[in-house]
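Close look at the chain arrangement
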Amino acid sequence: MNPTDAFASIVARPDLGERLDEAALALASTRPASVDADGARLELDRLAEQCVPTLAGVVTGLHQAGFTGNRRAYYEPENSYLDQVLIRRTGIPITLSLLAMSVGRRIGVPIVGVAMPAHFLIGSPDGERFADPFNGIDHLDPAACARLFESVIAPGVRFDPAYLQPAPPVDIVRRMLNNLIAIFRGTHARSDLVWSTALATRLPDAGEADDRAHIDALVAAGRFDAAAVRLESLDGDNPQDAARAEALRARLN
(Lines give C-alpha, C1' and ligand atoms only; values in the text may rest on other atoms or scores of the structure.)
Protein backbone atom coordinates (compact mmCIF):
# COMPACT_ATOMS: atom_id res chain seq x y z
CA MET A 1 0.00 0.00 0.00
CA ASN A 2 1.43 3.38 -0.94
CA PRO A 3 1.70 6.09 1.75
CA THR A 4 -1.30 8.07 0.49
CA ASP A 5 -3.54 5.01 0.49
CA ALA A 6 -2.26 4.09 3.95
CA PHE A 7 -3.20 7.56 5.19
CA ALA A 8 -6.67 7.31 3.65
CA SER A 9 -7.17 3.89 5.20
CA ILE A 10 -6.32 5.06 8.70
CA VAL A 11 -8.41 8.24 8.65
CA ALA A 12 -11.44 6.25 7.43
CA ARG A 13 -11.33 3.85 10.38
CA PRO A 14 -14.16 4.06 12.94
CA ASP A 15 -11.55 3.93 15.73
CA LEU A 16 -9.60 6.92 14.40
CA GLY A 17 -9.86 8.58 17.81
CA GLU A 18 -7.68 5.80 19.23
CA ARG A 19 -5.23 6.01 16.33
CA LEU A 20 -4.58 9.72 15.88
CA ASP A 21 -0.86 9.20 16.39
CA GLU A 22 -0.89 6.65 13.57
CA ALA A 23 -2.85 9.06 11.37
CA ALA A 24 -0.34 11.82 12.11
CA LEU A 25 2.59 9.54 11.31
CA ALA A 26 0.84 8.40 8.13
CA LEU A 27 0.38 12.04 7.13
CA ALA A 28 4.07 12.71 7.72
CA SER A 29 5.01 9.59 5.75
CA THR A 30 3.34 10.87 2.58
CA ARG A 31 5.99 13.54 2.14
CA PRO A 32 9.27 12.73 0.37
CA ALA A 33 11.36 12.76 3.56
CA SER A 34 12.06 9.48 5.35
CA VAL A 35 9.98 8.92 8.49
CA ASP A 36 11.04 6.57 11.27
CA ALA A 37 7.54 5.60 12.36
CA ASP A 38 8.73 2.74 14.58
CA GLY A 39 11.16 5.07 16.33
CA ALA A 40 8.36 7.59 16.86
CA ARG A 41 6.14 4.91 18.42
CA LEU A 42 8.93 3.84 20.77
CA GLU A 43 9.47 7.46 21.80
CA LEU A 44 5.76 7.87 22.53
CA ASP A 45 5.91 4.76 24.71
CA ARG A 46 8.97 6.08 26.52
CA LEU A 47 7.36 9.46 27.15
CA ALA A 48 4.24 7.76 28.51
CA GLU A 49 6.35 5.94 31.10
CA GLN A 50 7.57 9.30 32.42
CA CYS A 51 4.13 10.88 32.91
CA VAL A 52 1.82 10.82 35.92
CA PRO A 53 -1.51 9.35 34.74
CA THR A 54 -3.62 12.50 34.92
CA LEU A 55 -4.37 15.24 32.39
CA ALA A 56 -2.14 17.69 34.25
CA GLY A 57 0.49 14.98 34.72
CA VAL A 58 0.73 14.36 30.99
CA VAL A 59 1.14 18.06 30.18
CA THR A 60 3.68 18.55 32.97
CA GLY A 61 5.59 15.42 31.98
CA LEU A 62 5.88 16.52 28.37
CA HIS A 63 6.96 20.01 29.42
CA GLN A 64 9.64 18.49 31.67
CA ALA A 65 10.76 16.34 28.74
CA GLY A 66 11.48 19.54 26.83
CA PHE A 67 8.39 19.95 24.68
CA THR A 68 7.39 23.55 24.07
CA GLY A 69 5.59 25.70 21.55
CA ASN A 70 7.63 26.89 18.58
CA ARG A 71 7.15 30.64 18.80
CA ARG A 72 10.33 31.39 16.88
CA ALA A 73 9.28 29.59 13.72
CA TYR A 74 5.58 28.93 14.18
CA TYR A 75 4.88 28.43 10.47
CA GLU A 76 7.59 25.88 9.75
CA PRO A 77 5.94 22.83 8.15
CA GLU A 78 7.96 20.57 10.45
CA ASN A 79 5.77 21.73 13.33
CA SER A 80 2.93 19.76 11.75
CA TYR A 81 4.78 16.45 11.38
CA LEU A 82 4.57 14.29 14.50
CA ASP A 83 7.89 12.55 13.84
CA GLN A 84 9.63 15.93 13.68
CA VAL A 85 7.84 17.22 16.77
CA LEU A 86 9.18 14.22 18.68
CA ILE A 87 12.72 14.82 17.42
CA ARG A 88 12.79 18.60 17.72
CA ARG A 89 10.75 18.81 20.94
CA THR A 90 8.70 21.68 19.56
CA GLY A 91 5.51 22.17 17.60
CA ILE A 92 2.27 24.08 17.27
CA PRO A 93 -0.81 23.78 19.49
CA ILE A 94 -2.49 21.00 17.52
CA THR A 95 0.53 18.70 17.21
CA LEU A 96 1.54 19.18 20.85
CA SER A 97 -2.07 18.48 21.82
CA LEU A 98 -2.13 15.35 19.65
CA LEU A 99 1.11 14.30 21.31
CA ALA A 100 -0.50 14.68 24.75
CA MET A 101 -3.57 12.74 23.63
CA SER A 102 -1.38 9.91 22.32
CA VAL A 103 0.66 9.74 25.52
CA GLY A 104 -2.51 9.88 27.63
CA ARG A 105 -4.02 6.96 25.74
CA ARG A 106 -0.96 4.86 26.52
CA ILE A 107 -1.37 5.33 30.27
CA GLY A 108 -5.16 5.19 30.46
CA VAL A 109 -5.85 8.92 30.65
CA PRO A 110 -8.74 9.90 28.36
CA ILE A 111 -7.90 13.23 26.70
CA VAL A 112 -9.98 14.91 24.01
CA GLY A 113 -8.92 17.48 21.47
CA VAL A 114 -10.56 20.88 21.74
CA ALA A 115 -10.64 22.81 18.48
CA MET A 116 -10.82 26.32 19.91
CA PRO A 117 -10.37 28.78 17.03
CA ALA A 118 -6.80 30.01 16.59
CA HIS A 119 -5.43 27.83 19.40
CA PHE A 120 -6.00 24.10 19.85
CA LEU A 121 -6.36 22.81 23.43
CA ILE A 122 -6.94 19.49 25.15
CA GLY A 123 -9.43 18.60 27.83
CA SER A 124 -11.08 15.93 29.93
CA PRO A 125 -14.12 14.20 28.41
CA ASP A 126 -16.41 15.73 31.07
CA GLY A 127 -15.62 19.26 29.83
CA GLU A 128 -14.49 20.48 33.24
CA ARG A 129 -10.71 20.51 32.87
CA PHE A 130 -8.56 21.80 30.04
CA ALA A 131 -4.87 22.28 29.32
CA ASP A 132 -2.63 24.08 26.86
CA PRO A 133 0.44 21.99 25.92
CA PHE A 134 1.79 24.75 23.67
CA ASN A 135 2.23 27.07 26.63
CA GLY A 136 2.85 24.33 29.20
CA ILE A 137 -0.34 25.19 31.11
CA ASP A 138 -1.51 22.03 32.84
CA HIS A 139 -4.86 23.28 34.15
CA LEU A 140 -7.53 25.59 32.78
CA ASP A 141 -11.20 25.70 33.72
CA PRO A 142 -13.79 26.94 31.17
CA ALA A 143 -13.61 30.50 32.50
CA ALA A 144 -9.82 30.53 32.18
CA CYS A 145 -10.12 29.27 28.60
CA ALA A 146 -12.45 32.16 27.83
CA ARG A 147 -10.02 34.67 29.34
CA LEU A 148 -7.12 33.15 27.38
CA PHE A 149 -9.07 33.40 24.15
CA GLU A 150 -10.39 36.93 24.65
CA SER A 151 -7.23 38.52 26.03
CA VAL A 152 -4.40 36.71 24.27
CA ILE A 153 -5.48 34.63 21.31
CA ALA A 154 -8.23 36.69 19.71
CA PRO A 155 -8.52 40.12 21.35
CA GLY A 156 -11.81 41.77 20.54
CA VAL A 157 -13.51 38.50 19.57
CA ARG A 158 -16.29 37.31 21.86
CA PHE A 159 -15.77 33.82 23.27
CA ASP A 160 -18.39 31.16 22.53
CA PRO A 161 -18.63 28.22 25.00
CA ALA A 162 -19.14 25.96 21.98
CA TYR A 163 -15.44 26.49 21.24
CA LEU A 164 -14.69 24.03 24.06
CA GLN A 165 -16.61 21.10 22.58
CA PRO A 166 -14.52 17.99 21.83
CA ALA A 167 -13.29 17.90 18.25
CA PRO A 168 -14.21 14.86 16.14
CA PRO A 169 -11.03 12.94 15.25
CA VAL A 170 -11.36 13.54 11.51
CA ASP A 171 -11.66 17.28 12.19
CA ILE A 172 -8.32 17.14 14.01
CA VAL A 173 -6.64 15.55 11.01
CA ARG A 174 -8.29 18.05 8.66
CA ARG A 175 -7.12 20.98 10.78
CA MET A 176 -3.56 19.67 10.64
CA LEU A 177 -3.79 19.40 6.87
CA ASN A 178 -5.41 22.82 6.55
CA ASN A 179 -2.50 24.33 8.48
CA LEU A 180 -0.04 22.81 6.02
CA ILE A 181 -2.09 23.85 3.00
CA ALA A 182 -2.20 27.43 4.25
CA ILE A 183 1.58 27.44 4.80
CA PHE A 184 2.35 26.00 1.35
CA ARG A 185 -0.10 28.35 -0.34
CA GLY A 186 1.44 31.34 1.42
CA THR A 187 5.00 30.35 0.56
CA HIS A 188 4.17 29.28 -3.01
CA ALA A 189 5.56 25.80 -2.31
CA ARG A 190 3.81 24.34 -5.33
CA SER A 191 4.77 20.67 -5.13
CA ASP A 192 3.99 20.60 -1.41
CA LEU A 193 0.66 22.24 -2.09
CA VAL A 194 -0.15 19.54 -4.64
CA TRP A 195 0.42 16.65 -2.24
CA SER A 196 -1.24 18.29 0.76
CA THR A 197 -4.39 19.17 -1.19
CA ALA A 198 -4.37 15.63 -2.65
CA LEU A 199 -4.39 14.25 0.90
CA ALA A 200 -7.36 16.45 1.76
CA THR A 201 -9.34 14.82 -1.04
CA ARG A 202 -8.82 11.45 0.71
CA LEU A 203 -10.44 12.49 3.99
CA PRO A 204 -13.76 10.77 4.77
CA ASP A 205 -15.59 14.11 4.74
CA ALA A 206 -13.89 15.39 1.57
CA GLY A 207 -16.10 17.28 -0.84
CA GLU A 208 -16.02 19.24 -4.04
CA ALA A 209 -14.21 22.15 -2.41
CA ASP A 210 -11.28 19.82 -1.66
CA ASP A 211 -11.22 18.59 -5.26
CA ARG A 212 -11.22 22.13 -6.59
CA ALA A 213 -8.44 23.20 -4.21
CA HIS A 214 -6.36 20.29 -5.49
CA ILE A 215 -7.11 21.20 -9.11
CA ASP A 216 -5.98 24.78 -8.45
CA ALA A 217 -2.76 23.43 -6.89
CA LEU A 218 -2.12 21.27 -9.97
CA VAL A 219 -2.62 24.28 -12.23
CA ALA A 220 -0.25 26.41 -10.14
CA ALA A 221 2.35 23.64 -10.45
CA GLY A 222 1.95 23.57 -14.24
CA ARG A 223 0.38 20.12 -14.26
CA PHE A 224 -2.33 21.10 -16.71
CA ASP A 225 -3.25 17.66 -18.00
CA ALA A 226 -3.67 16.23 -14.50
CA ALA A 227 -5.80 19.24 -13.55
CA ALA A 228 -7.97 18.73 -16.64
CA VAL A 229 -8.49 15.06 -15.79
CA ARG A 230 -9.56 15.95 -12.25
CA LEU A 231 -11.93 18.60 -13.57
CA GLU A 232 -13.56 16.10 -15.88
CA SER A 233 -13.95 13.61 -13.02
CA LEU A 234 -16.10 15.97 -10.96
CA ASP A 235 -19.74 14.98 -10.65
CA GLY A 236 -22.18 16.85 -12.81
CA ASP A 237 -22.19 18.25 -16.31
CA ASN A 238 -20.74 21.70 -15.79
CA PRO A 239 -19.96 23.48 -19.07
CA GLN A 240 -17.59 25.84 -17.27
CA ASP A 241 -15.55 22.89 -16.00
CA ALA A 242 -15.47 21.37 -19.48
CA ALA A 243 -14.34 24.68 -20.98
CA ARG A 244 -11.64 25.08 -18.34
CA ALA A 245 -10.39 21.53 -18.93
CA GLU A 246 -10.16 22.23 -22.66
CA ALA A 247 -8.31 25.47 -22.01
CA LEU A 248 -5.85 23.69 -19.72
CA ARG A 249 -5.09 21.08 -22.33
CA ALA A 250 -4.55 23.82 -24.88
CA ARG A 251 -1.72 25.08 -22.67
CA LEU A 252 0.12 21.80 -23.29
CA ASN A 253 0.60 22.62 -26.98
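Basis of the calculations
- Residues numbered from 1 in each chain as written.
- Predicted model: local features only at pLDDT ≥ 70, side-chain atom pairs only at ≥ 80, totals over all residues.
- Heavy atoms only, no water.
- Pairing = 2+ DSSP bridges.
- Helix = DSSP H or I, 4+ residues; strand = E, 2+ residues; numbered from the N terminus.
- 1 Å grid on protein atoms, 1.4 Å probe; cavity = no way out; pocket = protein on both sides within 12 Å on 5 of 7 lines; lining within 4 Å.
- Points joined across faces, edges and corners; volume = space filled by probe spheres on them.
- Nonpolar A, V, L, I, M, F, W, Y, C, P; charged D, E, K, R; others polar.
- Buried < 20%, exposed > 50% of the residue type's maximum accessible area, 1.4 Å probe, protein only.
- Salt bridge = Lys/Arg side-chain N within 4 Å of Asp/Glu carboxyl O.
- Axes fitted to C-alpha atoms, helices over the stretch in contact; angles between N-to-C directions.
- Parallel < 35°, antiparallel > 145°, perpendicular 65-115°, else oblique.
- Left-handed = near helix turned anticlockwise from the far one by under 90°.
- Contact = heavy atoms within 4.5 Å.

Pairing analysis gives two bridges linking strand S5 (residues 130-132) to strand S6 (residues 137-140), with the strands arranged antiparallel. Counterpart to Asp132 in the pairing with S6 is Ile137. Hairpin connection from S5 to S6: four residues lie between these consecutive antiparallel strands, with Gly136 at a positive phi of about 70°.

Further remarks concern the layout of surface pockets. Within this model, the largest pocket holds a volume of roughly 270 Å³. Elements supplying a minimum of two residues to the lining of the largest pocket: helix H2 (20-29), helix H6 (93-106), strand S3 (112-114) and helix H8 (169-187). At four residues, the largest contribution of residues to the lining of the largest pocket is made by H6. Its residues assigned to classes, the lining of the largest pocket comprises eleven nonpolar, three polar and three charged. Here the second largest pocket defines a volume of roughly 220 Å³. In this structure, the second largest pocket is lined by 13 residues; those nearest its centre are Tyr74, Tyr75, Ile92, Ala118 and Asn179. When contributions to the lining of the second largest pocket are tallied by element, the ones reaching two or more residues are H6 and H8.

Another aspect to go through is empty space enclosed by the protein. What the rule picks out here adds up to one cavity of 30 Å³ or more. Residue assignment for the lining of the largest cavity shows that the elements contributing at least two residues are helix H4 (55-64) and H6.

Okay, unusual backbone geometry next. Although it is not a glycine, Arg89 adopts a positive phi angle of roughly 65°. Checked against the element boundaries, Arg89 lands in the loop between helix H5 (82-88) and strand S2 (90-91). A relative accessible area of 19% means that Arg89 is categorised as buried. In the Ramachandran plot, His188 falls in the positive-phi region, its phi being about 60° despite a non-glycine side chain. Take His188: it is sitting in the loop between H8 and helix H9 (190-200). A residue is classified by how much of its surface remains accessible, and His188, at 63% relative accessible area, is exposed.

Summed over all chains, the structure comprises 20 salt bridges. For Arg105, the salt bridge is made with Asp21, and the minimal N-O distance between the two is 2.9 Å. Here Arg105, found in helix H6, pairs with Asp21, found in helix H2; they are 84 residues apart in sequence, far enough to count as distant. Judged by its relative accessible area of 34%, Arg105 falls in the partly exposed class. Overall, the relative accessible area of 1% leaves Asp21 in the buried class. In this structure, Glu208 engages Arg212 in a salt bridge whose closest nitrogen and oxygen atoms are separated by 2.7 Å. With Glu208 and Arg212 both in helix H10 (residues 208-220) and four residues apart, the pair spans about one turn of that helix. On the basis of relative accessible area, Glu208 is assigned to the partly exposed category, the value being 44%. Taking the relative accessible area as the measure of exposure, Arg212 reaches 25% and is therefore partly exposed. It is possible to trace a salt-bridge network through shared partners that takes in Asp21, Asp45, Arg105 and Arg106.

Considering the arrangement of structural elements, one finds Leu234 in the loop between helix H11 (224-233) and helix H12 (239-250). Between the C-alpha atom of Leu234 and that of Glu208, which follows or precedes it by 26 residues, the distance is 7.7 Å.

Relative to each other, helix H1 (residues 3-11) and H2 sit at 160°, their axes nearing to 8 Å. In terms of axis orientation, H1 runs roughly antiparallel to H2. The handedness of the crossing between H1 and H2 is left-handed. On H2, the residues that touch Pro3, Phe7, Ile10 and Val11 of H1 are Glu22, Ala23, Ala26, Leu27 and Ser29.

With that out of the way, let us pick up the sheet that holds S3. Judged by pairing direction, the sheet is antiparallel, and its four strands sit side by side in the order S3-S4-S5-S6 without closing on themselves. Each of the sheet's edge strands pairs with one partner strand only, and the pair in question is S3 and S6. Going across the sheet, the axis of each strand differs from the next one's by a mean of 35°, ignoring polarity. Here helix H7 (residues 142-153) sits on the sheet in contact with strand S4 (121-123), S5 and S6, set at roughly 115° to S6.

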